[in-house]
Amino acid sequence: MTRVLVVLNSPTSLMGRLEQWLPEAGLEPVLVPGAELPENLDGFGGMILLGGGFMPDDDAHHPFLARERRLTSEALAAGLPLLGLCLGGQLLAHVTGGGVTARSGETERGMCPLTVLPAAADDPVFGGLPGVPDEPLWMIENHEDSVTTLPPSATLLVSSGECPIQAFRVGERAWGLQFHPEARPERVATWDEAALSEQGIDREALAAAALVHAAENEAQSRALVHAWADVVREAAK
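Notes on the structure in this doc start here. Note that this is a predicted model, so its numbers are computed, not measured.

The rules behind the values
- Residues numbered from 1 in each chain as written.
- Predicted model: local features only at pLDDT ≥ 70, side-chain atom pairs only at ≥ 80, totals over all residues.
- Heavy atoms only, no water.
- Helix = DSSP H or I, 4+ residues; strand = E, 2+ residues; numbered from the N terminus.
- Rg over C-alpha atoms; globule rule 2.2 N^0.38 Å.
- Buried < 20%, exposed > 50% of the residue type's maximum accessible area, 1.4 Å probe, protein only.
- Contact = heavy atoms within 4.5 Å.
- Areas by Shrake-Rupley, 256 points an atom, 1.4 Å probe, with all protein chains shown as cover.
- Lys, Arg positive; Asp, Glu negative; His and termini not counted.
- Charge placed at Lys NZ, Arg CZ, Asp CG, Glu CD.
- Pairing = 2+ DSSP bridges.
- 1 Å grid on protein atoms, 1.4 Å probe; cavity = no way out; pocket = protein on both sides within 12 Å on 5 of 7 lines; lining within 4 Å.
- Points joined across faces, edges and corners; volume = space filled by probe spheres on them.
- Salt bridge = Lys/Arg side-chain N within 4 Å of Asp/Glu carboxyl O.
- Phe/Tyr/Trp six-rings, centres within 6.5 Å; stacked < 30°, edge-to-face > 60°.
- Arc of directions from axis to C-beta.
- Polar contact = N/O pair within 3.5 Å; in protein donor to acceptor, adjacent residues only side chain to side chain.

1. Examining the overall build of the protein chain
Next, step 1: A count of helices and strands for the protein chain gives six helices and 11 strands.
Next, step 2: Taken over C-alpha atoms, the radius of gyration comes to 16 Å for the protein chain, in line with the 18 Å a tight globule of 237 residues would show.
Next, step 3: Its C-alpha atoms give the protein chain principal-axis dimensions of roughly 45 × 40 × 35 Å.
Next, step 4: For the protein chain, with 237 residues in total, the buried portion stands at 53%.
Next, step 5: The long-range share in the protein chain, meaning contacts at least 24 apart out of those at least 6 apart in sequence, stands at 76%.
Next, step 6: With the model as given, the accessible surface of the protein chain reaches about 10100 Å², and the carbon-plus-sulfur share is 51%.
Next, step 7: Charged side chains in the protein chain number 15 positive and 33 negative. The centres of these two groups are separated by 6 Å.

2. Brief notes about the pairing of strand β6 (residues 108–116)
Next, step 1: Counting buried residues along β6, seven of its nine residues qualify, which places the element largely inside the surrounding structure.
Next, step 2: Pairing of β6 with strand β7 (residues 137–143), which is carried by seven bridges, proceeds in the antiparallel orientation. Directly across from C112, in β7, lies its bridge partner M139.

3. Some remarks on empty space enclosed by the protein
Next, step 1: The tally for this structure, following the rule as stated, stands at one cavity of 30 Å³ or more.
Next, step 2: Reported here for the largest cavity is a volume of approximately 30 Å³.
Next, step 3: For the largest cavity, the full set of lining residues is G89, Q90, V147, I165, Q166, F168, G176, L177 and Q178.
Next, step 4: Taken together, the elements giving at least two residues each to the lining of the largest cavity come down to α3 (87–95) and β11 (174–177).

4. With respect to the environment of G52
Next, step 1: Tracing the backbone shows G52 in the loop between β3 (46–49) and α2 (65–78).
Next, step 2: Expressed as a C-alpha distance, the spacing of G52 and E36, which sit 16 residues apart in the sequence, is 16 Å.
Next, step 3: Apart from the residues lying within four places of it in its own chain, the contact partners of G52 are S10, S13 and L87.

5. Here we look at the pattern of salt bridges
Next, step 1: All told, the structure shown has nine salt bridges when counted by the stated rule.
Next, step 2: R69 serves as the salt-bridge partner of D59, at 2.8 Å between the closest nitrogen and oxygen. Here D59, found in the loop between β3 and α2, pairs with R69, found in helix α2; they are 10 residues apart in sequence, far enough to count as distant.
Next, step 3: A relative accessible area of 16% places R69 in the buried class.
Next, step 4: Note that R169 and D123 form a salt bridge whose closest N and O atoms lie 2.5 Å from each other.

6. Concerning the packing of aromatic side chains
Next, step 1: What the rule picks out here adds up to two aromatic pairs.
Next, step 2: Plain terms: the ring middles of F54 and F64 are 6.5 Å apart, the flat faces sit at 80° to each other, and that makes the pair edge-to-face. Of this pair, F54 sits in the loop between β3 and α2 while F64 is found in the loop between β3 and α2, placing the two residues 10 residues apart along the sequence.
Next, step 3: For F64, a relative accessible area of 15% puts it in the buried group.
Next, step 4: With a centroid separation of 6.4 Å and 90° between ring planes, the pair formed by F126 and F179 is classed as edge-to-face. Taken together, the positions of F126 in the loop between β6 and β7 and F179 in the loop between β11 and α4 (193–198) put the pair 53 residues apart, joining distant regions of the chain.
Next, step 5: Judged by relative accessible area, which is 1%, F126 ranks as buried.
Next, step 6: A relative accessible area of 0% places F179 in the buried class.

7. A look at helix α5 (residues 203–212)
Next, step 1: Buried within α5 we find L206, A207 and A210. For α5, the buried positions fall inside an angular range of 100° around the axis, keeping them on one side. Residues of α5 that are exposed and angled more than 90 degrees away from the buried face: E204 and V212.
Next, step 2: Check the buried side of α5 and you find it contacts β6, β7, α4 and α6 (214–235).
Next, step 3: Where α5 begins, the capping side chain belongs to D202, and its oxygen is found 3.2 Å from the backbone nitrogen of E204.

Listed below in structure tokens is the structure:
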């Protein structure tokens with residue numbers, strides 16, 4: 001199977017459903033903590049950047065980010081398929097000239113309905129997801145930072161009223177997502193109750209709401225991951 005580097009940016013932002021879905025899609029995920037990243041992408045056919053609760057240029061607190069950005073640039077230059085999730089999507093935007101704003105006012109928590117845009121109709125990852133564009137794309141969100149300026153060369157694929165830049169593609173094989181297709185809706189019930197309460201959010205209600213569209217979320221998330229895996233396998237031929 002084609003090996004894919006999966007960057008663990010935070011011990012609390014894990015692979016989740018990717019542990020199952022990547023192998024079933026014919027990929028071998030290699031999970032590597034940010035502090036242990038390789039010097040280059042030799043031997044890898046793709047790259048996934050997981051989430052984390054900090055900015056993509058916070059090198060003072062997370063020195064490994066400099067290497068992660070270099071590897072992202074290497075993947076882009078080589079046409080290696082890349083998938084950035086939450087912080088990972090923000091890092092892709094940062095590397096390619098977009099703007100990322102801390103505490104942007106676009107905070108989202110829990111299961112959110114998103115709009116797949118017409119520009120995604122022929123996109124290899126978002127073009128054939130179940131239910132869209134007639135129905136919302138249902139995804140788990142958990143962020144207060146966001147991409148606020150699209151990279152100049154990017155195509156906006158998914159949006160919402162609360163956070164306009166939800167997913168974008170740079171070039172032919174790099175995708176940045178603000179949301180978490182890897183996250184199980186059930187995990188919302190384990191989020192920090194005190195922190196949510198400080199934001200005026202009731203965790204029990206948030207967790208219950210996350211389950212209402214769990215079936216749609218699983219079907220759409222699985223299809224998204226499998227579609228990206230198809231791009232990886234095709235690129236490796």
